[in-house]
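Chain and residue survey
For reference, the chains in residue letters:
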Amino acid sequence: MKTSTRPLIAGNWKMNGSRAFAKDIAEALVNRLSEHEEVGFEMLLCPPAPLIDVVRESVGASGIVIGGQDCHTAKQGAHTGDIAAVMLADAGCNYVIVGHSERRGDYGEVDAVVRDKAAAAQMAGLIPLVCVGETVEQREAGEAVEIVTKQVEGSIPNGSSASTVIVAYEPVWAIGTGRSATVKDIAEIHNSIRTVLSKIVVDGESVRILYGGSVKPDNAAAILSVDNVNGALVGGASLNAHEFFSIAEAAPS
Ligand code: PGA
């Protein structure tokens, strides 16, 4: 089933960029957007935290929205180096990525932590993009559906709804490898995520489910037209304005 909302095309810059880079890319995207009379997608940029203000200034009133890449579970306190969801909201963000596989891998973030981060984001008025995805070993062992189902069940806060949570399916083996999942695999996993969401979220059939993992201009149209794919979370290709915009233009409106 397709949701009625526009596909969300999200760029995850990870730990890349500078103020000059951020300004250039955001301005280029705003220019491309202004060439369109009607825009069939929603565009989200998730820069590193020190670049949020320059991106916000550069996107102005274009409609491009901004998100953080992670947040802490607490509102404030003695957590050196961490960022609270309320701070991201205060800086002009509307979204935040939580539970990205690089955070799960580098910092041992388990589902319960991801769920608490997502809840903190919701408390701050942000929409969390909750990331899930299996490793190559789990896929080869035939456990992909089971693993992703468990991650969704464990990482989505109680009381979430289609307007307060987004899920991003990102198979770990497809991230930054140039090897995207096949449309058949994507369809299978997104369908199973939809089934879980329908059980645990009141309007689960309308929650947006993004695909991420080596989305490029040449595979975007095929991926974005798969059933239950409501957008994309783009890493590497989001660092190039032309490539990122081409991906967004491939979204069915
Ligand atoms: P990629 O990254 O597009 O470079 O594979 C996706 C992500 O990690 O969000």
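In this text the structure is predicted, and so the values were computed from the model without any measurement. Sequence order as written defines the numbering, with residues in each chain counted from 1. Residue-level local features of this predicted model are given only where pLDDT is at least 70; pairs of side-chain atoms are given and counted only at 80 or more, and the full residue set underlies all totals for whole chains, interfaces and linings. Remark: hydrogens and water are excluded; side-chain values derive from all non-hydrogen atoms of the structure.

1. Structural notes on the overall build of the protein
Think of it this way: any DSSP run of H or I at least four residues long counts as a helix, any run of E at least two long counts as a strand, and we number them from the N terminus. On a plain count of helices and strands, the protein comes out with ten helices and eight strands. The reference for a compact globule is 2.2 Å times residues^0.38; the radius of gyration itself is calculated from the C-alpha atoms. Taken over the C-alpha trace, the protein has a radius of gyration of 17 Å; the compact-globule value for 253 residues is 18 Å, and the two agree within 12%. Burial status across the protein gives 51% buried among its 253 residues. A total accessible area of about 11,100 Å² is found for the protein, and carbon and sulfur atoms account for 50% of it. In summary, the charge assignment counts Lys and Arg as positive and Asp and Glu as negative, without counting His or the chain termini. Charged groups are reduced to one reference atom each: NZ for lysine, CZ for arginine, CG for aspartic acid, CD for glutamic acid. Looking at the protein, you have 20 positive and 31 negative side-chain charges, and the mean spots of the two groups are 2 Å apart. The rule is simple: take the accessible area with a 1.4 Å probe, protein chains only, and divide by the maximum for that residue type; under 20% is buried, over 50% is exposed, in between is partly exposed. Each accessible area value is a Shrake-Rupley result obtained with a 1.4 Å probe; residue values ignore everything except the protein chains displayed when judging cover.

2. Side note on the site of the ligand
The criterion for a residue being near a molecule or strand is simple. One of its heavy atoms has to lie within 4 Å of it. Neighbouring the ligand are 13 residues, the closest being Lys14, His100, Glu170, Gly176 and Ser214. In the analysis that follows, any N or O atom pair within 3.5 Å is treated as a polar contact, provided that within protein one partner can donate a hydrogen and the other can accept it, and provided that, for residues neighboring in sequence, both atoms belong to side chains. Contact between the ligand and Gly176: an oxygen atom at 2.6 Å from a main-chain N or O atom of the residue. At a separation of 2.8 Å, an oxygen atom of the ligand approaches a polar backbone atom of Gly235. Out of a free accessible area of 280 Å², the ligand has 97% covered by protein chains. Residue composition of the shell around the ligand, grouped by class: four nonpolar, seven polar and two charged. Put simply, Ala, Val, Leu, Ile, Met, Phe, Trp, Tyr, Cys and Pro go in the nonpolar bin, Asp, Glu, Lys and Arg in the charged bin, and everything else, Gly too, in the polar bin.

3. Details of the pairing of strand β8 (residues 231-234)
Looking along a regular strand, one sees the side chains alternate between the two faces of the sheet. Of the two faces of β8, the one lined by Gly231 and Leu233 and the one lined by Ala232 and Val234 are each fully buried. With four bridges connecting them, strand β1 (residues 8-12) and β8 associate as parallel partners. Each bridged residue has a counterpart across the sheet, and for Ala10 the counterpart in β8 is Leu233. Looking at chain direction, strand β7 (residues 208-212) and β8 are connected through two bridges and run parallel. Looking at β8, one finds that Gly212 is bridged to Leu233. Note on pairing: DSSP must find at least two bridges between two strands before they are called paired.

4. Examining the packing of aromatic side chains
Two rings belonging to Phe, Tyr or Trp (six-membered ring only in the last case) form a pair when the distance between their centres is within 6.5 Å. Interplanar angles under 30 degrees mark stacking, angles over 60 mark edge-to-face geometry, and anything in between is tilted. In this structure the tally under the stated criterion is three aromatic pairs. Between Trp13 and Phe21 the ring centres are 5.3 Å apart and the planes differ by 75 degrees, which places this aromatic pair in the edge-to-face class. For Trp13, a relative accessible area of 0% translates into the label buried. Geometrically, the ring pair formed by Phe41 and Phe245 is edge-to-face, given 5.8 Å between the ring centres and 80 degrees between the ring planes. Note that Phe41 is positioned in the loop between α1 (19-34) and β2 (42-46) and Phe245 in helix α10 (residues 241-249), a separation of 204 residues in sequence. Remark: a charge is flagged as sitting over a ring if the NZ atom of Lys or the CZ atom of Arg is within 6 Å of the ring centre and within 35 degrees of the ring normal. Directly above the ring of Tyr107 sits Arg103, whose terminal nitrogen or CZ lies 4.1 Å from the centroid.

5. Section: the nonpolar core
In these notes, a set of buried Ala, Val, Leu, Ile, Met, Phe, Trp, Tyr and Cys residues joined through side-chain atoms within 4.5 Å is what counts as a nonpolar core. Residues Ile9, Leu29, Ile193, Leu197 and Tyr211 are the most contacted members of the largest nonpolar core, which totals 64 residues. Throughout, a contact is declared for two residues whenever any of their heavy atoms are within 4.5 Å. Those residues within four positions of Tyr211 in sequence are excluded, and the remaining contacts are Tyr169, Pro171, Ala174, Ser180, Ala181, Ile186, His190, Ile223, Val229, Gly231, Ala232 and Leu233. Residues Leu8, Leu44, Leu210 and Leu233 belong to the second largest nonpolar core, which totals 14 residues.

6. Some points on the pairing of strand β3 (residues 65-68)
The alternating pattern of β3 places Val65 and Gly67 and Ile66 and Gly68 on opposite faces, both of which are buried. When β2 meets β3, the two strands line up parallel, connected through two bridges. Looking across to β3, one finds that Leu44 is bridged to Val65. Here the term right-handed applies to a crossover when the path leading from its first strand over the helix to its second strand runs clockwise, the strands being oriented away from the viewer. What joins β2 to β3 is helix α2 (residues 52-59), and the crossover it makes is right-handed. Bridging between β3 and strand β4 (residues 95-98) involves two bridges; their strand directions are parallel. Within β4, the position partnered with Gly68 by the bridge is Val96. Once you follow β3 into helix α3 (residues 85-90) and on to β4, the crossover reads as right-handed.

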